[in-house]
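# Structural description and commentary
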Amino acid sequence: MKSSKRVPKQIEKLVEPRIDNALSKLPINKKPALKWFFEVTPLVVVAATAISAFAGWYSGTGVDVLYLTGGLTIVVSILVARTLFEHFPHVLLMISRRGVLCLPQKDVYADDKVSSLNQIYVDFIQDAYDSMNDWREYVCGIIGVLITGWIIWLLDKNILQQTLVNFRTPFSVYGTVLFIRLAFLMAGFVGGLIGWRILVIANTVAKLGRYFDFDLQINHPDGCGGLRPIGDLCLKLAYVTSSLPFLLGLWLVFLNFLDLRYLHMDPEDIEPLVSTIIFLTIPVAALCVFSFFFPLGSIHTCMMQAKSRLQIELDEISQEIHQLSSRLLISANGLAPQEGTSIEQKIEFLKRVYERNGQIPTWPYRSTHIWGLISTQVIPSLGVISSIIGFIQGVGK
């Protein structure tokens, strides 16, 4: 078999620190104010959720289940997003260390291959982090605030109207209502920032398959040619994206089956809220699946190209097996037993090599990734099904 060219070990040791250095100087949040927002928002949401639950218990009206589950989901999703942001540079570095990446065939230079690959990869990483911190993150943050404000208005517009119109309302009540809503609006802004970074990470993974070729390690223990870290990263993308459809699906179950006193809403306000949530749940649940498969599309294409190159070498082995088998068949009567045995051993050896290397992976994920992706769709599906059951029961009455 033809062996692919690899980076010498002594050169790899010089190359890796440059990539390490590039990653260490490229934080997810360059701006101190936004970094502070990321750090403080979970604490603020926890405080707002606790105040909301205590106020409901103290007043005797009961805990607002929608705000309670919303607050908990926001905190968990932000913490999961942090793990995603920490995992992203490790994946970039791991792919480099494994030697899976190589320059496209048209860009391979005989004398400068290693330095060119390293410089292109460092520039590639730099571009990803620059995109995360450009002006579009503020646009996504504002969109997050608008969506959160819209949901807050649908949840408790009557409470807000009564609080604002009744001038006898104590200032402490004004402050409590305002603090809880501002906390969730703050979370909406951070959610928009996270959403933008998810888009950049997904696009960066997709560009890996367009900017580089892969030297698949077909016997790698991860079963994905050394590219399983990319599949793990995309599954984390899906997990972070699934927080919103998870919350909306949970709310649909509550709105359809929970006692109204736990919802703090008038009955006439529930129907438009359910319609709005269904309108949001279906596309964001589809977006969760899209966030997993979209980045992997170009990776799959590039792995297919790498498979076609490896298949040439496998075809050469099959041709040699055919030639040796034909020779053994045609010249069996004239061959010495020792020579015939040697040919048979060579054929068996080539067969083992072919079988060992014949299964070339073309996707950077395993079945466990698919089951993990399916798990993100359970709660949104239950929410939509509960709405359909509630609609059928309403028509029956």
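The shown structure was predicted, so the numbers you read here are calculated from the model rather than taken from an experiment.

### A few points about helix H7 (residues 228–241)
In this model, H7 (14 residues) spans 20 Å end to end at C-alpha, consistent with the 20 Å of a helix rising 1.5 Å per residue. Counting buried positions along H7 gives 10 out of 14 residues, so the element sits mostly inside the fold. When H7 is considered as a whole, its buried residues turn out to be Pro 229, Ile 230, Gly 231, Leu 233, Cys 234, Leu 235, Leu 237, Ala 238, Val 240 and Thr 241.

### Thoughts on the pattern of salt bridges
Side-chain pairs of opposite charge can arise whenever the charged atoms involved come near each other. Per the counting criterion, the structure on display carries 8 salt bridges. Between Arg 98 and Asp 222 there is a salt bridge, and its shortest N-O distance comes to 3.1 Å. Placement of the pair is Arg 98 in the loop between helix H3 (65–97) and strand S1 (101–102) and Asp 222 in the loop between strand S2 (213–214) and H7, with a sequence separation of 124 residues. Notably, a salt bridge pairs Glu 320 with Lys 346, separated by 3.2 Å at the nearest N-O pair. Of this pair, Glu 320 sits in helix H9 (residues 267–330) while Lys 346 sits in helix H10 (residues 337–357), and the two are 26 residues apart along the sequence. Because the salt bridges share partners, they merge into one network encompassing Lys 31, Glu 137 and Arg 197.

### Overview of the confidence of the model for the chain
When pLDDT is averaged across the chain, the result is 78; 79% of the residues are at 70 or more. Across the chain, element-level confidence peaks in H7 with a mean pLDDT of 89 and bottoms out in helix H1 (residues 9–24) with 50. When the criterion is pLDDT under 50, residues 1–17 qualifies, and its contacts beyond four places in sequence or with other chains add up to 16 contacts.

### With respect to the nonpolar core
Core analysis: the biggest nonpolar cluster contains 86 residues, and Tyr 121, Ile 194, Phe 214, Leu 216, Ile 230 and Trp 251 have the highest contact counts within it. Of all the secondary structure elements, the ones that give two or more residues to this core are helix H2 (32–59), H3, helix H4 (113–132), helix H5 (136–165), helix H6 (171–211), H7, helix H8 (243–257) and H9. In this structure, Leu 216 is in contact with Gly 225, Leu 227, Met 303, Ala 306, Lys 307, Leu 310, Ile 360 and Pro 361, ignoring residues within four places of it in sequence. Counting 9 residues, the second-largest nonpolar core is a separate cluster that includes Leu 328, Leu 335, Leu 350 and Val 353.

Basis of the calculations
- Residues numbered from 1 in each chain as written.
- Predicted model: local features only at pLDDT ≥ 70, side-chain atom pairs only at ≥ 80, totals over all residues.
- Heavy atoms only, no water.
- Helix = DSSP H or I, 4+ residues; strand = E, 2+ residues; numbered from the N terminus.
- Expected span 1.5 Å × (residues − 1).
- Buried < 20%, exposed > 50% of the residue type's maximum accessible area, 1.4 Å probe, protein only.
- Salt bridge = Lys/Arg side-chain N within 4 Å of Asp/Glu carboxyl O.
- pLDDT = per-residue confidence, 0-100.
- Contact = heavy atoms within 4.5 Å.
- Core = buried A, V, L, I, M, F, W, Y, C linked by side-chain atoms within 4.5 Å.

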